[in-house]
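Overview (structure and organization)
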Amino acid sequence: MSDAAFTDEALPVVIIGAGPAGLHAAVQLAKAGVRSTVVDENPRAGGVVYRGPLRQGAQASHLEQTWKSRVEALKEEVARYASFIDLRLSTQVLGPMHGLTRLALLENHERFSTVSAERLILCTGCLEWSAPFPGWTLPGVMTVGGAQLQIKSGLVRPGGRAVLVGTGPLLLVAARQMHAAGIDVRGVFEAGRRIDLVRNVSSLLKNNPLLREGLEYISYLGRAGIDMRYGWGVVQARGEGRVQEVVVAPYDRDWRPVMSKAITIEADLLATEHGLIPRTQLSQLLGLDHTDCHGIGRKPVTTAWGRTSRPGIYVAGDAAGVYGSQAAAEAGRLAALAYLTDTGKLSAELADREARPLQRRHQSYVEFRDAFDTFSRIRKGLLDLPESDTIICRCENVTRAQIDQSIACGTCDVTTLKMTTRAGMGDCQGKVCSGYLYARLQAKLGRSDVGELRPRFPLAHVTLGSLVSASRGGAGT
Amino acid sequence: MRRQNDIEPLTGDVVTVNVDGVEITCAAGETVLTALLAHGQLAIARNDHGHLTSAYCGMGVCYCCVVKIDDVDKRRACQLIVRDGMRVITQHNNHHLAIGGDK
């Protein structure tokens, strides 16, 4: 079956991802009179952060008013320019085929088609860096982001009694949302040490609104009587067929649990958040140059305006380095300005003038996040949490012992690690375990260059039936 | 099975979905994963090695909530919206069954 068998649609600019970066890029283009196509695999626009309740008639009184206003504002802004924005939801990008900018799409999980885009703006967002620990594959262990989506978009409690572990501001946000949703929050354990926050207080103070939001969350948890501890983290989850108990302990400087002070908490939901990494599967398949991202992932090499190593392909938002939704909005606008300049629709001087305030705001969010990085950066003790028989690759059941044995036998790059153990070879294509594989290899070998785990086309499952019916359609039968 | 984990009562349209032979009530617009969690069902999938899993990332990344929907295997419950009359089979993995399973 040749590529020509499939119907193709020529489009000037396709934006991948309808989160804050993608939508703001589309709006910026629309303001300049440029039509764009925005593709997102989810049934609703907004990205994980601004998707909003999925069911009709929801009151969502457990959610913060400021967040609800932001969801509405974004929705209204996109609606205002609706005639310029061709929004295609429930549409997954499977990857490039036959030329870099011809993308294979799968709509509603079954309808296959392709689009040929003159230019692409990738706004694929981020995913959570997973720290494996004994019991992390038990039902009831979820990423903080996943638990939040159930509360914010599903309006359903993913558990009744929750423990939150890991690091970063999302822990506070999620703990508050869980409490407001009626979940018994049994404790919030932040691995970072308070002293590392205090040391960076001057950078944090530069971004007052974000700092104020953070302090509001902390005082909410205090008023609710929720146990919040700094310098503490997860040891293991235990239970028969699901999480029933969570063991937490104080962490030392290297984030090794001090077991003599460990405590056990009864819970049916363990939400984990150890950092976010750019979602690079598509940018990797497109052959963009990538570089290391904090030793736990990869990120495409980009300029301040989102230009990449390939002309005509831009990357914006968390997909280029994780700085949060507000930075992503500015990055989306900047990538749109780069597009407008590169296609001769806007003069370099005008673009520069428009970009200045965007860059200034973007920089303030970047500085705020960087201040958290010293506090939240993964310490190497965390990598020793899994026991030898703990599963690292959830798809292929590859254990820590198998990973370490391969490294002991001379494996010094992540591709060889994948081939010798099957880690990263399963259904998720290594999106969940690759972060640990990069970090483990780097820690064991004492060097940062351990190669890149390559994703494969198609990026999501596609049935043969979908391909066959698409090619018949293309032949006009 | 009854809904037990709703944060607020259902007020909009509802649809009926068949899960492992049992009819359940779902809010129109919600995902299959949300419907399962609303009913307290946490045991959702088996990976290719027969290992029991539940939603881990909840946002389409990890494939730990794949179920059989209307005879198609390995559909991510977190990414699919419920439809009236939909048939969902949980904890089913054809690959695992075909190779006999190692765990």
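Everything discussed here concerns the structure shown above.
Residues numbered from 1 in each chain as written. Chains lettered and ligands numbered in written order. Predicted model: local features only at pLDDT ≥ 70, side-chain atom pairs only at ≥ 80, totals over all residues. Heavy atoms only, no water.

1. Observations regarding the overall build of chain A
The test is simple: In this text, helices come from DSSP runs of H or I with a minimum length of four residues, and strands from runs of E with a minimum of two, each type numbered from the N-terminal end. For the radius of gyration, the atoms used are the C-alpha atoms, and the globule rule reads 2.2 Å times the number of residues raised to 0.38. Relative accessible area decides the class of each residue, using a 1.4 Å probe on protein chains only: under 20% of the type maximum gives buried, over 50% gives exposed, and in between gives partly exposed. Here, residues are in contact when the closest pair of their heavy atoms is within 4.5 Å. Here Asp and Glu are counted as negative and Lys and Arg as positive; His is not counted, and neither are the chain ends. Here the site of a charge means atom NZ of a Lys, CZ of an Arg, CG of an Asp or CD of a Glu.
Each helix and strand in chain A was counted, giving 15 helices and 21 strands. Scaling as 2.2 N^0.38, a compact globule of 477 residues should have a C-alpha radius of gyration of about 23 Å, and chain A matches this with 22 Å. In terms of its C-alpha atoms, chain A occupies a principal-axis envelope of roughly 65 × 50 × 45 Å. Burial analysis of chain A (477 residues in total) assigns 58% to the buried set. When contacts within chain A are restricted to residue pairs at least 6 apart in sequence, long-range pairs at least 24 apart make up 67% of them. Taking the 56 positively charged and 47 negatively charged side chains of chain A as two groups, their mean positions are separated by 2 Å.

2. What to know about the interface of chain A and chain B
The test is simple: The term buried area refers to how much accessible surface (probe radius 1.4 Å) is lost by two components on association, counted for both of them together. We define a salt bridge as a side-chain nitrogen of Lys or Arg found within 4 Å of a carboxyl oxygen belonging to Asp or Glu. Counted as a polar contact is a pair of N or O atoms within 3.5 Å, where, for protein atoms, one must be capable of donating a hydrogen and the other of accepting one, and residues adjacent in sequence contribute only when both atoms are in side chains. In this classification, Asp, Glu, Lys and Arg are treated as charged, Ala, Val, Leu, Ile, Met, Phe, Trp, Tyr, Cys and Pro as nonpolar, and every other residue, Gly included, as polar.
Taken together, the contact between chain A and chain B spans 54 residues of the former and 46 residues of the latter. Sorting the residues of chain A by area buried against chain B places A:Arg55, A:His109 and A:Arg157 first, and these three jointly supply 16% of that buried surface. For B:Arg75, the salt bridge identified is with A:Glu110, shortest N-O distance 3.8 Å. Here chain A is connected to chain B by 24 residue pairs in polar contact (both at pLDDT 80 or more). At the level of elements, β7 (126-128), β8 (141-143) and α4 (144-154) of chain A are the ones that each hand at least two residues to the side of chain A that touches chain B. The element best represented in the side of chain A that touches chain B is α4(A), accounting for 6 residues. Of the residues contributing to the side of chain A that touches chain B, the split by class is 22 nonpolar, 21 polar and 11 charged.

3. Here we look at unusual backbone geometry
Residues and elements named next belong to chain A. Omega for the peptide link from Phe-457 to Pro-458 comes to -5 degrees, which places this bond in the cis form. Topologically, Pro-458 is positioned in the loop between α14 (434-445) and α15 (464-475). Positive phi, close to 60 degrees, is recorded for Leu-155, a residue that is not glycine. If you trace the backbone, Leu-155 turns up in the loop between α4 and β9 (161-166). Positioned with a positive phi, Arg-422 is a non-glycine residue whose angle comes to about 75 degrees. Mapped onto the secondary structure, Arg-422 falls in the loop between α13 (414-421) and α14.

4. A word on the nonpolar core
Residue and element names in this part refer to chain A. The criterion, for reference: We call a set of buried residues a nonpolar core when its members are Ala, Val, Leu, Ile, Met, Phe, Trp, Tyr or Cys and they connect through side-chain atoms within 4.5 Å of each other.
By size, the foremost hydrophobic cluster in this structure holds 154 residues, and its most contacted members are Leu-164 and Met-178. Take this core: its biggest share by element is 9 residues, from helix α10 (residues 325-342). Counting residues in hydrophobic clusters, the runner-up holds 20 residues, among them Leu-11, Ile-16, Val-115 and Ala-320.

5. A short note on the pattern of salt bridges
Residue and element names in this part refer to chain B. Across all of its chains, the model carries 34 salt bridges over all chains by this definition. The closest approach of N and O atoms between Glu-30 and Arg-3, which form a salt bridge, is 2.9 Å. Remark: Arg-3 occurs in the segment before β1 (14-19) and Glu-30 occurs in the loop between β2 (22-27) and α1 (32-38); sequence separation between them is 27 residues. Judged by relative accessible area, Arg-3 falls into the buried class, the value being 16%.

6. Here we look at the sheet that holds β9(A)
Residues and elements named next belong to chain A. Stated formally: Only strands joined by at least two bridges in the DSSP assignment are considered to pair. Simply put, an axis is a line fit to the C-alpha atoms, just over the touching stretch for a helix, and the angle between two N-to-C directions goes from 0 to 180 degrees.
If you walk across this open sheet you meet the 5 strands as β8-β15-β9-β10-β11, and the pairing is parallel. Strands at the two margins of the open sheet, each flanked by one partner only, are β8 and β11 (228-230). Sheet twist, expressed as the mean angle between neighbouring strand axes with direction ignored, is 20 degrees. As paired strands, β9 and strand β10 (residues 184-190) are joined by 6 bridges and run parallel to one another. Bridging across to β10, Ala-162 finds its partner in Val-185.

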